[in-house]
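Listed here are the chains, written in short residue letters.
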Amino acid sequence: MSEKRSCNHKTNLPQAFQIQKITRQNSRTISLFLDGTITAVPGQFVMVWLPDVGEKPFSISGIDPLRLTVVNVGPFSQAIHALNPGDRLWIRGPLGHGFHVESGKKVALVGGGYGAAPLLFLGKELVNSECDVISWLGARNVEDVILADEMQEAGIQVEFSTEDGSLGLKGLVTAGLKKTLAEETINMVYACGPARMLQAVAAVCKTEMVPCQLSWESLMRCGMGLCGSCELEAEFGEPAGWLVCMDGPVSHRT
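Residues numbered from 1 in each chain as written. Predicted model: local features only at pLDDT ≥ 70, side-chain atom pairs only at ≥ 80, totals over all residues. Heavy atoms only, no water.

**Brief notes about the nonpolar core**
Here's step 1: Grouped together as the largest cluster of nonpolar side chains are 31 residues, with contacts concentrated most on Val-110, Leu-177, Val-189, Val-201, Leu-214 and Trp-216.
Here's step 2: Residue contributions to this core peak at 6 residues, all from helix 5 (residues 195-208).
Here's step 3: Excluding anything up to four places from it in sequence, Trp-216 contacts Ala-195, Leu-198, Gln-199, Leu-232, Phe-236, Glu-238, Trp-242, Val-244, Pro-249, Ser-251 and Arg-253.
Here's step 4: Within the second largest apolar cluster, 25 residues are counted, among which are Ala-117, Leu-119, Leu-122 and Ile-146. (Core = buried A, V, L, I, M, F, W, Y, C linked by side-chain atoms within 4.5 Å. Buried < 20%, exposed > 50% of the residue type's maximum accessible area, 1.4 Å probe, protein only. Helix = DSSP H or I, 4+ residues; strand = E, 2+ residues; numbered from the N terminus. Contact = heavy atoms within 4.5 Å.)

**With respect to the environment of Ser-229**
Here's step 1: Following the sequence through the fold, Ser-229 ends up in the loop between strand 15 (212-215) and strand 16 (250-253).
Here's step 2: Note: C-alpha distance between Ser-229 and Gly-155 (74 residues apart in sequence) is 38 Å.
Here's step 3: Ignoring anything within four residues of it in the chain, the contact list for Ser-229 reads Ser-218, Leu-219, Met-220 and Arg-221.

**Looking at the packing of aromatic side chains**
Here's step 1: Evaluated as defined, the whole model comprises 4 aromatic pairs.
Here's step 2: Measuring from ring centre to ring centre gives 5.3 Å for Trp-49 and Trp-90, while their planes differ by 70°; the resulting arrangement is edge-to-face. Here Trp-49 is found in strand 5 (residues 45-50), whereas its partner Trp-90 is found in strand 9 (residues 88-95), with 41 residues between them in sequence.
Here's step 3: With a relative accessible area of 33%, Trp-49 lands in the partly exposed category.
Here's step 4: Owing to a relative accessible area of 17%, Trp-90 belongs among the buried residues under this scheme.
Here's step 5: An angle of 80° between the planes, with centres 5.5 Å apart, marks the rings of Phe-99 and Tyr-190 as edge-to-face. Placement of the pair is Phe-99 in the loop between strand 9 and strand 10 (106-112) and Tyr-190 in strand 14 (residues 188-192), with a sequence separation of 91 residues.
Here's step 6: Overall, the relative accessible area of 0% leaves Tyr-190 in the buried class. (Phe/Tyr/Trp six-rings, centres within 6.5 Å; stacked < 30°, edge-to-face > 60°.)

Here's what the structure looks like:
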């Protein structure tokens, strides 16, 4: 077993970690538990590097030990899925600005598909801060829902929406959010998922006059604001030149 370690984000150099355990969330998604910790806040991300493969950004789903939840969607994530306990990967980070964790409030989490990964980390921190937390997890079907059991074990009320109606409400996850906002007083909404979903969540929160924090996803090459590949399109409501890696990934709307 390798020595337990932690990342030093100040150096911005990749640090080697060994995989201690791998668990499966569904047919396309795994969680890797690494042999160390990381000093990060929910919503921050890391860059993961594999020799001769490349480097990609991933959300943090846990910090002690460091945990990454990875869906198999392309060559890089496929290479990660081929790894086994004992193998190594290299971590750079944490990077970006994360969520502000409220204390003692009634809050709602909204996860679209695999956007549930960083919300697990966030939800646990909110519960530890004595928040009353309800989470809406949206997916195409019941097979695509991830991390719900762990959220419930952490003391989070979990509700579901699926596009095909195979679990919970039939339709988009914003319908569930609207239901909660109509029935309860929510002090903050936290959301992570596809850009169109976040745009819809922001619109619902604006109508209901509830502040929200949105975690944006983007293709990214450097993670340091140099390449500009993660600039968010202006239609999503952030200022021109807003970079997911440096200005985000979390934005705040009031």
